[in-house]
Amino acid sequence: MAAAALREQLNALLSSMFASGLVDDQFQQLQMLQEDGGTPGFVAEVVTLFCDDADRIISELAALLEQPIVDFDKVDAYVHQLKGSSASVGAQKVKFTCMQFRQLCQDKNRDGCIMALAVVRNEFYDLRNKFQTMLQLEQQIQAQQ
């Protein structure tokens, strides 16, 4: 596929990610840092680190919520960490879901936390799939230049 068509696909994907609220202005700031700093692969590295970290945290949360006695302080600490890393990459939907999740932790609402984890997981998987598509398109564009 021609580089111009790939760029069009990439731009359409990014536009849909912004329009749907998956990402916010912080993600745009990361893109501008890459462009201004001339650091190719910066966004890819940040996104990959975020996805790896979020995957690990979600697994930890699932394990904690399966315990007979839930340590809500520990759950809250992990959710807080996920919220922070989501905010730093502009993962808006994940960040907002984490904010609601934290309230459920403070209320010590186990069932609510389990449901919130399912929502966070879904929001994260949706975002991760879009990020993976974005990175693939960027690699294909680079290969054609």
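Residues numbered from 1 in each chain as written. Predicted model: local features only at pLDDT ≥ 70, side-chain atom pairs only at ≥ 80, totals over all residues. Heavy atoms only, no water.

1. Regarding the overall build of the protein chain
Within the protein chain, the regular secondary structure consists of six helices and zero strands. Scanning the protein chain from its N terminus toward the C terminus, one meets helices and strands in the order α-α-α-α-α-α. Of the charged side chains in the protein chain, 12 are positive and 19 negative; the average position of the first set lies 4 Å away from that of the second. (Helix = DSSP H or I, 4+ residues; strand = E, 2+ residues; numbered from the N terminus. Lys, Arg positive; Asp, Glu negative; His and termini not counted. Charge placed at Lys NZ, Arg CZ, Asp CG, Glu CD.)

2. Here we look at the UniProt feature "domain: HPt" (unreviewed entry) in the protein chain
As recorded in UniProt, the feature "domain: HPt" (unreviewed entry) lies at residues 39-138. Note that residues 39-138 is 86% helix and 0% strand, and that its end C-alpha atoms are spaced 14 Å apart. (UniProt positions renumbered as here; feature names shortened; annotations may be inferred.)

3. Considerations on the packing of helix α2 (residues 25-37) against helix α3 (residues 42-65)
Where α2 meets α3, the axes come as close as 8 Å, and the angle between the chain directions of the two elements is 140°. As the angle between them shows, α2 and α3 are arranged oblique. Counted together, F27, L30, Q31, L33 and Q34 of α2 and F42, V43, A44, V46 and V47 of α3 form the full contact between these two elements. Counted by class, the contact of α2 with α3 contains eight nonpolar, two polar and no charged residues. (Axes fitted to C-alpha atoms, helices over the stretch in contact; angles between N-to-C directions. Parallel < 35°, antiparallel > 145°, perpendicular 65-115°, else oblique. Contact = heavy atoms within 4.5 Å. Nonpolar A, V, L, I, M, F, W, Y, C, P; charged D, E, K, R; others polar.)

4. A few points about the UniProt feature "modified residue: Phosphohistidine" (unreviewed entry) in the protein chain
Summarizing the sequence annotation, UniProt attributes the feature "modified residue: Phosphohistidine" (unreviewed entry) to H80 in the numbering used throughout. Assessed through its relative accessible area of 42%, H80 is described here as partly exposed. (Buried < 20%, exposed > 50% of the residue type's maximum accessible area, 1.4 Å probe, protein only.)

5. Concerning the packing of aromatic side chains
Taken as a whole, this structure holds four aromatic pairs when the rule is applied. Taken together, a centroid distance of 6.2 Å and an interplanar angle of 50° make the contact between F18 and F27 tilted. Note on F27: relative accessible area 0%, which makes it buried. (Phe/Tyr/Trp six-rings, centres within 6.5 Å; stacked < 30°, edge-to-face > 60°.)

6. Some points on α3
For α3, with 24 residues, the first-to-last C-alpha span of 34 Å sits near the 34 Å given by 1.5 Å per residue. Taken residue by residue, α3 has V43, V46, V47, F50, C51, A54, I57, I58, L61, A62, L64 and L65 as its buried positions. Looking at the buried residues of α3, the elements they touch are α2, α4 (72-89), α5 (92-106) and α6 (110-143). (Expected span 1.5 Å × (residues − 1).)

7. A short note on the side chain of R102
Here R102 lies in helix α5. A polar side-chain atom of R102 sits 2.9 Å from a polar atom in the side chain of H80. Not counting the four nearest positions on each side in its chain, R102 is found in contact with D76, V79, H80 and K83. (Polar contact = N/O pair within 3.5 Å; in protein donor to acceptor, adjacent residues only side chain to side chain.)

8. Observations regarding the pattern of salt bridges
Under the defined criterion, the tally for this structure stands at five salt bridges. Put simply, R56 and D53 hold a salt bridge, and the shortest N to O gap is 2.6 Å. Residue R56 and its partner D53 are located together in helix α3, separated by three residues, close to a single helical turn. Residue classification places R56 among the partly exposed residues on the basis of a relative accessible area of 37%. (Salt bridge = Lys/Arg side-chain N within 4 Å of Asp/Glu carboxyl O.)

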